[in-house]
Amino acid sequence: MNGIDLKSGRNGKAPVITLSSGYDMPVAGLGTYSLRGSVCVNSVSVAVQNGYRLIDTASFYGNEREVGEGIRKSGISRDEVFVTTKLYPNQYGYADKAIDEALSKLDIGYIDMMLLHHPASNDVVAYKAIEKAIQDGKVRSAGVSCYYIREINAFLPKVMIKPALVQNEIHPYYQDSNVVKHIQSLGIVMQGWYPLGGRGYTEALLNHKTLREIGAVHRKSPAQITLRWNLQKGVAVIPGSSNEKHICENISIFDFELSSAEMEKIAALNKDEKHDWY
């Protein structure tokens, strides 16, 4: 995915990348990990009304109903919005039923992308249930989250459909470049969760002098610089927010380009500092 055509995007509307499944996925979207209740409904609706076409949720987040409601409330046609959700390890033993539960909660007809949330026992069994759901027209694409080099290499020979997406923690303090390159070399799209550093770490990251200085050059916020850096590395992003100003800001990243020198300055921020356990 190093060849994303970012020039085809415009502020408020992200370009798409074609997945190995044949479907197009926007390279930037809204993550909903921390969104609940009416805040989630309104954030999703606002995001879609302001050009977002990718929404990421999960069974574990407990907000699939609200995400579906927000999409319906937006007034934008269902077929214009790409929706990702995930099965949690405690669902792997009854994945077929869990997929139907997700479909019922979202109430949007079908799921664009279904991921396994973590490696765990029965993950291959659960993934095969996703493969069956694809055959049945319930799900369009399959992927995994929190799979690294060893995990993905062990997993691939056991499944029929290659994951179209791997979703891992990626940000300037945890760049995981070897994993990113390996996943991309397999023809799998890499998507970063916590692209702005994650819970409890975002403020410190976005106050870093380097990001602020580069932002001043481009008249962009440190968040916009960080998201653009991800995209220029070929990593799709799903920043989360309930703040309308930030939601709009996070997808206004297609009218500038970071230079090679600026990309190198951000690469130098890597600390191999992971901000979540998986």
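Refer to the preceding data block for the structure.
Residues numbered from 1 in each chain as written. Predicted model: local features only at pLDDT ≥ 70, side-chain atom pairs only at ≥ 80, totals over all residues. Heavy atoms only, no water.

Some thoughts on the sheet that holds strand S6 (residues 111–116)
Threshold: Between any two strands, pairing holds if DSSP finds at least two bridges. Strands are runs of DSSP state E lasting at least 2 residues, helices are runs of H or I lasting at least 4, and numbering of each runs from the N terminus.
Read across the sheet, 8 strands follow the order S3-S4-S5-S6-S7-S8-S9-S10 without closing on themselves; strand pairing throughout is parallel. Here the strands that pair on one side only, and so sit at the sheet edges, are strand S3 (30–31) and strand S10 (235–237). Here S3 pairs with strand S4 (residues 54–56) via 2 bridges, running parallel. For Leu30, the partnering residue across the bridge sits in S4 and is Ile55.

Observations regarding the packing of aromatic side chains
Definition in use: Ring geometry is summarised as follows: Phe, Tyr and Trp rings, the Trp one being its six-membered ring, pair when their centres sit within 6.5 Å, and such pairs are stacked at plane angles under 30 degrees, edge-to-face over 60 and tilted between the two. Note on exposure labels: buried denotes an accessible area under 20% of the residue type's maximum, exposed denotes more than 50%, and partly exposed covers the range between, all computed with a 1.4 Å probe on protein chains only.
A full pass over the atoms with the stated rule returns 5 aromatic pairs. Centre to centre, the rings of Tyr33 and Tyr61 are 5.2 Å apart; their planes meet at 85 degrees, and the pair counts as edge-to-face. On the criterion of sequence distance, the pair formed by Tyr33 in the loop between S3 and helix H1 (37–49) and Tyr61 in the loop between S4 and helix H2 (64–74) is long-range, its members being 28 residues apart. A relative accessible area of 28% means that Tyr33 is categorised as partly exposed. Assessed through its relative accessible area of 8%, Tyr61 is described here as buried. Look at Tyr147 and Phe155: their rings are 5.3 Å apart centre to centre, the planes differ by 65 degrees, and that puts the pair in the edge-to-face class. Residue Tyr147 is classed as buried on the basis of its relative accessible area of 1%.

Quick notes on H1
So the rule is basically this: A helix's residues, less one, multiplied by 1.5 Å, set its expected span. Any two residues having at least one pair of non-hydrogen atoms within 4.5 Å are treated as being in contact.
Compared with an ideal rise of 1.5 Å per residue, which puts 13 residues at 18 Å, H1 spans 19 Å between its outermost C-alpha atoms and is within 8% of the ideal. The secondary structure elements touched by the buried residues of H1 are S3, S4, H2 and helix H10 (244–249). Looking one or two places after H1, you find Gly51, whose phi comes out positive at around 105 degrees.

Here we look at the pattern of salt bridges
Test applied: One speaks of a salt bridge when a side-chain nitrogen belonging to Lys or Arg is within 4 Å of a carboxyl oxygen belonging to Asp or Glu.
Under the definition given, this model contains 12 salt bridges. Glu80 is the partner of Arg53 in a salt bridge, and the nearest nitrogen-oxygen pair spans 3.5 Å. Within this pair, whereas Arg53 is found in the loop between H1 and S4, its partner Glu80 is found in the loop between H2 and strand S5 (82–87), the two being separated by 27 residues in sequence. Taking the relative accessible area as the measure of exposure, Arg53 reaches 14% and is therefore buried. The closest approach of N and O atoms between Lys132 and Asp136, which form a salt bridge, is 2.7 Å.

Quick word on the nonpolar core
The tendency in soluble globular proteins is for nonpolar side chains to be buried side by side. Selection criterion: Think of a nonpolar core as a cluster: buried Ala, Val, Leu, Ile, Met, Phe, Trp, Tyr and Cys residues, connected wherever their side-chain atoms sit within 4.5 Å.
Counting 89 residues, the largest nonpolar core has Met25, Leu87, Ile99 and Leu116 as the members making the most contacts within it. Setting aside chain neighbours within four positions, we find Leu87 in contact with Tyr92, Ala95, Ala98, Ile99, Met114, Leu115, Leu116, His117 and Ile130.

Quick word on the layout of surface pockets
Quick reminder of the rule: The definitions used throughout rest on a 1 Å grid laid over the protein atoms alone, on which a cavity is an enclosed set of points accommodating a 1.4 Å probe that cannot get out and a pocket is an open set flanked by protein within 12 Å on both sides along at least five of seven lines; lining residues are those having an atom within 4 Å of a point. Grid points are joined across faces, edges and corners, and a volume is the space filled by probe spheres set on the points. Three classes are used, and their members are as follows: Ala, Val, Leu, Ile, Met, Phe, Trp, Tyr, Cys and Pro are nonpolar, Asp, Glu, Lys and Arg are charged, and the others, Gly among them, are polar.
Roughly 630 Å³ of internal volume is contained in the largest pocket. Residues of the lining of the largest pocket, tallied by class, amount to 13 nonpolar, 15 polar and 4 charged.

Concerning the side chain of Lys86
Stated formally: In protein, a polar contact requires one atom able to donate a hydrogen and another able to accept it; more generally it is a pair of N or O atoms within 3.5 Å, and residues adjacent in sequence count only if both atoms are side-chain atoms.
Mapped onto the elements of the fold, Lys86 is located in strand S5. Its relative accessible area of 1% is what places Lys86 among the buried residues. A polar contact of 2.8 Å, which involves the side chain of Lys86, links it to the backbone oxygen of Thr57. Look past the residues within four positions of Lys86 in its chain and what remains in contact with it is Asp56, Thr57, Ala58, Ser59, Tyr61, Gln91, Met114, Leu115, His117 and Gln167.

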